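Coordinate analysis (summary)
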Amino acid sequence: MPTVEENYAFWNDRFDWSNHRGDVWSREWGGPTNQWYWCVYPRIRRQLPTGTILEIGPGQGRWTHFLLPYCERLVLVDISHRCIEVCRDRFGKAAVECHVGDGRTLSFQEDESVDFVFSFESLVHTEILDLTSYLKEVARVLKPKGRAFLHHSNLGHYPRYYGLVNGIPGSLRTTLQGRGVLDFDGWRALSVSAEKVRRGAEQEQLTVHSQELVPWGGKRLIDCFTSLGKGTAAETKVYENHEFAERAREVKTISDAYEIR
Ligand SMILES: C[S@@+](CC[C@H](N)C(=O)[O-])C[C@H]1O[C@@H](n2cnc3c(N)ncnc32)[C@H](O)[C@@H]1O
C-alpha cells in the first residue's frame, strides 16, 4: 500500500533519475516523443491548446516538456523537492510555476483558475483517500468548463487475484512474475479502482466523460485514464483497451524502421 510518505521516500530519495529524467519509462514506445504523439497527445488533444494547465506529479518533466507549447501558464506540483528543483532548472522559473505539494491537496491554487489538470504515470501509486482528496481539489480549482485527464490505478478491480499473488513467498512470486505466469502489480494502489474514482468524482459534482482501462506490464487492466470535467452529467464511456501494449510495440517498430526518435 503506497502512502504519500513512501512515495516521497522512493521518488525523492531512493530512485536514480540520473541521466534519463524518466525517459526510460517510454522505451516500449521507442522514446518519450513517440509516446507523446501516439499515446498521450491523441487522448488529450481536444483540451489543447489552452490557458492554464496544472500537472500533478511531473517528475523531472517528461510530459511537461510537451505540454509547455500548448498553454499560456503551466503549474507543476510534485511531492518530491528534488524533482521540482530539476523542473525549475530544466524549464526556467519564467516558463513554469513550481510547487512542492503534500500529495493530497492543491492549496496553492486559487478556485476556478485552471483549464486543464493533467497527470500521467504518477497517481497510479496514490491510494483512494489521497486520490479522492485530489478530486475534491480538482473540482475546486477547475474553471466552469475545465477538464482533467488523470492516470490512476485500477488494481482494486482485482483484489482476490492480487491478494493471492501477494500471499506467495517473495522469491517464488518474483520468479513466476518474471516468467509471465503471474502479473506484476507495478506498485499500483490496491484501494483504487476505476469505479471508485468515478463515484468519488461524481460526489464532487464532476462529470466523468470516459474511462479507458489499460494493462501495464501484464494481462490485467491495472491502470485507468479518467477524463472528467465540470458540468452536467453525461454518460461515462468505459473502454477496455486490451491492445494498449501491442499498440506500443507497433509504434516502436515504426520508429525503429524509420529511425524516428
Ligand atoms: C513514476 S514518476 C512519473 C513522473 C512523470 N509523470 C513521468 O511520467 O515521467 C512519479 C512521480 O509522481 C510523484 N508523485 C507520487 N505521488 C504523488 C502525489 N500524491 N502527488 C504529487 N506527486 C506525486 C513522484 O514524486 C514522482 O515524481
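Structural data are supplied above this passage.
Computed from a predicted model, the values in this text were never measured in an experiment.

Let's talk about the site of the ligand
- In the region of the ligand, 20 residues are neighbours, and Gly57, Arg62, Asp78, Phe120 and Tyr134 sit closest.
- Residue Arg62 places a side-chain N or O atom 2.8 Å away from an oxygen atom belonging to the ligand.
- One nitrogen or oxygen atom from the main chain of Phe120 is found 2.8 Å from a nitrogen atom belonging to the ligand.
- Alone, the ligand offers 590 Å² of accessible surface; in the complex the protein occludes 99% of this.
- Mapped by element, the contributors of at least two residues to the shell around the ligand are α1 (4-14) and β4 (114-123).
- Ranked by residue count, the leading element in the shell around the ligand is β4, at 3 residues.
- Tallied by class, the residues present in the shell around the ligand amount to 10 nonpolar, 7 polar and 3 charged.

A look at helix α6 (residues 159-167)
- Restricting attention to buried positions, one finds in α6 the residues Tyr161, Tyr162 and Val165. Angularly, the buried residues of α6 cover 85° about the axis, an arc narrow enough to put them on a single face. Of the residues in α6, the exposed ones pointing more than 90 degrees away from the buried face are Pro159, Arg160, Leu164 and Gly167.
- In the core, the buried residues of α6 are packed alongside α7 (170-178).

As for the pattern of salt bridges
- Counted according to the given criterion, the structure contains 16 salt bridges.
- Between Arg43 and Glu212 there is a salt bridge, and its shortest N-O distance comes to 2.7 Å. Here Arg43 is found in helix α2 (residues 32-44), whereas its partner Glu212 is found in strand β6 (residues 207-214), with 169 residues between them in sequence.

Considerations on the environment of Gly31
- Of note, Gly31 is situated in the loop between α1 and α2.
- On the basis of relative accessible area, Gly31 is assigned to the buried category, the value being 14%.

Describing the packing of α2 against helix α9 (residues 244-257)
- Interhelical geometry of α2 versus α9 gives an angle of 140° and a closest axis separation of 9 Å. With respect to their mutual orientation, α2 and α9 come out oblique. Classified by chirality, the crossing of α9 by α2 is right-handed. Contacts between α2 and α9 involve Asn34, Trp38, Cys39 and Arg43 from the former and Phe244, Arg247, Val251 and Ser255 from the latter.
- Across the contact of α2 with α9, the residue classes tally to 4 nonpolar, 2 polar and 2 charged.

Reading guide: rules and limits
- Residues numbered from 1 in each chain as written.
- Predicted model: local features only at pLDDT ≥ 70, side-chain atom pairs only at ≥ 80, totals over all residues.
- Heavy atoms only, no water.
- Near = heavy atom within 4 Å.
- Polar contact = N/O pair within 3.5 Å; in protein donor to acceptor, adjacent residues only side chain to side chain.
- Areas by Shrake-Rupley, 256 points an atom, 1.4 Å probe, with all protein chains shown as cover.
- Helix = DSSP H or I, 4+ residues; strand = E, 2+ residues; numbered from the N terminus.
- Nonpolar A, V, L, I, M, F, W, Y, C, P; charged D, E, K, R; others polar.
- Buried < 20%, exposed > 50% of the residue type's maximum accessible area, 1.4 Å probe, protein only.
- Arc of directions from axis to C-beta.
- Contact = heavy atoms within 4.5 Å.
- Salt bridge = Lys/Arg side-chain N within 4 Å of Asp/Glu carboxyl O.
- Axes fitted to C-alpha atoms, helices over the stretch in contact; angles between N-to-C directions.
- Parallel < 35°, antiparallel > 145°, perpendicular 65-115°, else oblique.
- Left-handed = near helix turned anticlockwise from the far one by under 90°.

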